[in-house]
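# Reading the structure
For reference, the chains in residue letters:
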Amino acid sequence: MRIINARNLDGDKFSFDVHQGVIQNLKIQSETLSEPNATSISNRAALENPKQTDIIIDAEQELIIPAALDMHVHSRSPGLTAKEDWNSLAKGAWRGGVVAVADMPNTIPPTMTRAAVLEKAEIARASGLEFTLQLGVGAGNINQVAELLTSPDLPLAALKVFYGRSTGDLMYDDLNKLGKSLPRDCKKLIVFHSEDQCGVDVNQAKYSGRTHSRANRDFEVHSLIRDSATAHASTKIILEWAVSSGRPVHIAHVSTPLEVEMVQAYKAKGLPVSCEVAPHHLLFSTDDYERLGPLVKMNPPLRSRAEKEDLLKLVGQGAVDIFATDHAPHLLSEKHQEVAKSPSGVPAIEFFYPLVFKIAEMTGLSHHRLLEMSASRPAELFGFDKKGTIANGFDGDFVWIKRENFLVRNEEVVSKCGWTPYDGFNLPIKIMGTWNRGKCVFLSK
Ligand SMILES: [Zn+2]
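The rules behind each value
- Residues numbered from 1 in each chain as written.
- Predicted model: local features only at pLDDT ≥ 70, side-chain atom pairs only at ≥ 80, totals over all residues.
- Helix = DSSP H or I, 4+ residues; strand = E, 2+ residues; numbered from the N terminus.
- Rg over C-alpha atoms; globule rule 2.2 N^0.38 Å.
- Buried ≥ 20, exposed ≤ 12 C-beta atoms within 10 Å, placed from the backbone.
- Axes fitted to C-alpha atoms, helices over the stretch in contact; angles between N-to-C directions.
- Parallel < 35°, antiparallel > 145°, perpendicular 65-115°, else oblique.
- Left-handed = near helix turned anticlockwise from the far one by under 90°.
- Contact = placed C-beta atoms within 7 Å.
- Nonpolar A, V, L, I, M, F, W, Y, C, P; charged D, E, K, R; others polar.
- Domains from an automatic or database assignment.
- Pairing = 2+ DSSP bridges.

Right, let's get into the overall build of the chain. The number of helices and strands found in the chain is 15 helices and 19 strands. Taking 22 Å as the expected radius of gyration for a compact globule of 445 residues, we find that the chain reaches 22 Å, a close match to that expectation. Expressed along its principal axes, the backbone C-alpha trace of the chain runs to roughly 70 × 50 × 40 Å. Expressed as a percentage of its 445 residues, the buried residues of the chain come to 51%.

Bringing the environment of N87 into the picture now. The topology assignment puts N87 in helix α2 (residues 86–95). Classification of N87 as partly exposed rests on a count of 16 C-beta atoms within 10 Å.

Between two packed helices, both the angle of their axes relative to each other and the distance between the axes serve to describe the pair. Look at α2 against helix α3 (residues 114–127): their axes get within 8 Å of each other, and the N-to-C directions meet at 50°. Compared by their axis directions, α2 and α3 come out oblique. For α2 against α3, the interelement crossing comes out right-handed. Contacts between α2 and α3 involve W86, N87, L89 and A90 from the former and I123, A124, A126 and S127 from the latter. Of the residues assigned to the contact of α2 with α3, the class counts are 6 nonpolar, 2 polar and no charged.

Parsing the chain into structural domains produces domain 1 (2–64 + 394–407 + 429–443) and domain 2 (67–381). Centre-to-centre separation of domain 1 and domain 2, based on C-alpha positions: 32 Å. With 13 residues of domain 1 at the contact, the number on the domain 2 side is 11 residues. At the level of secondary structure, the elements contributing two or more residues to the side of domain 1 that touches domain 2 comprise β15 (398–402), β18 (430–436) and β19 (439–443). Of the residues that constitute the side of domain 1 that touches domain 2, the class distribution is 9 nonpolar, 2 polar and 2 charged.

We now examine the environment of V260. You can see V260 is positioned in helix α9 (residues 257–268). Distance from V260 to S30, taken between C-alpha atoms, is 41 Å for residues 230 residues apart in sequence. In contact with V260, not counting residues within four places along its chain, are V254, C275, L311, L314, A319 and V320.

Pairing is parallel across the open sheet formed by 8 strands, whose spatial order is β7-β8-β9-β10-β11-β12-β13-β14. Only two strands of the sheet have a single partner each, and these edge strands are β7 (68–73) and β14 (322–323). Direction of pairing for strand β13 (residues 273–277) relative to β14: parallel, over a ladder of 2 bridges. Considered in β14, the bridge of V277 is made with F323.

A word on the packing of helix α8 (residues 228–245) against α9. As a packed pair, α8 and α9 sit with axes 10 Å apart at the nearest point and diverge in direction by 10°. Accordingly, the angle class assigned to the pair α8 and α9 is roughly parallel. When the axes of α8 and α9 are compared, the crossing they make is right-handed. Contacts between α8 and α9 involve A231, H232, T235, K236, L239 and A242 from the former and L258, E259, M262, V263 and Y266 from the latter. Of the residues contributing to the contact of α8 with α9, the split by class is 7 nonpolar, 2 polar and 2 charged.

Given below as structure tokens:
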């Protein structure tokens, strides 16, 4: 296939070919090209069922950007497929402009053994969505982790350590043992869910009388139990471990400005540390419990409006490495329970780029940095060396966007959970189409 007259976010016009899924002949154009056999990018029928593989698409100066990679998702499959499965996840990802994901280990069975990795990989492969998996670690598999992470036949980009208890029994806090059990030459990323369990337990005891309410505003207690201090404490310990172990450490979903500053400080010392931010920590604060209650319960939880504003500022300054949605769908029937029983996690992947553009609009984040945080940097961190950039030799992954108001509605959600905390949000771009290795995987109606 060939794309002509595409425009990038800087306003440059460009063209490229995708041959056997790979980008070639990328050229910045000085003039508008005209090809007599070209198909209009708005010709839905031709794009959906290209008669020949050498289709030429005239982008008509529409915006084409690299497809995103969402390196923090919960596919829920195997085992929790009432909430989501790999097919619905794939649909959502492509709708959001995402062509590859990194899936978290808290499925059933948890992704902690060779058999569980292979089982999940087989299901994932059938969906057509490109993926890597994060291996879970616990007392039960610590002695196998090194062998699994270094097995070339297993699609594992990272080890996920739930330093605080977030989901089930997946928890590990013996960092000394973890450091010793990994071979020196294992360069795989160690991803941390960073909340200090001792602090959470102390707060839990203190506020236990307040967790049996179902009233929206009472969900605020969730942010008191998992307060910012518990995140600061564990992130400090983890970053110190990065120093002593020399491992590449990635802090998942940072929710507080202080953690971003800590990561920056360690990075400045030359350490291979990075962090990600999820849209919900930038677009909601504890003020939103009143309106949304269980629909904005997640771990780590929402922070005060002041902390959220400071986190936004840091994102605008380019201090955070990547965006990742922490897409974690639950059914509404599960969510609408008392605080203690309502599961943590919210869906988001199908709005990936529209949410990111909203955040950029609010923070002044540059186009260049927006694309880095959504596509090229996640690709680099998680080992997708031919993704995240529109460049010769890279996979033909790209997204057609329009700068127009996109009203988010629950009725249009494609995640199996059937709702979104962003219902009613006006987002600044609409995804018109997504291509993965030159194949059109999503077209907007
Ligand atoms: Zn998560």
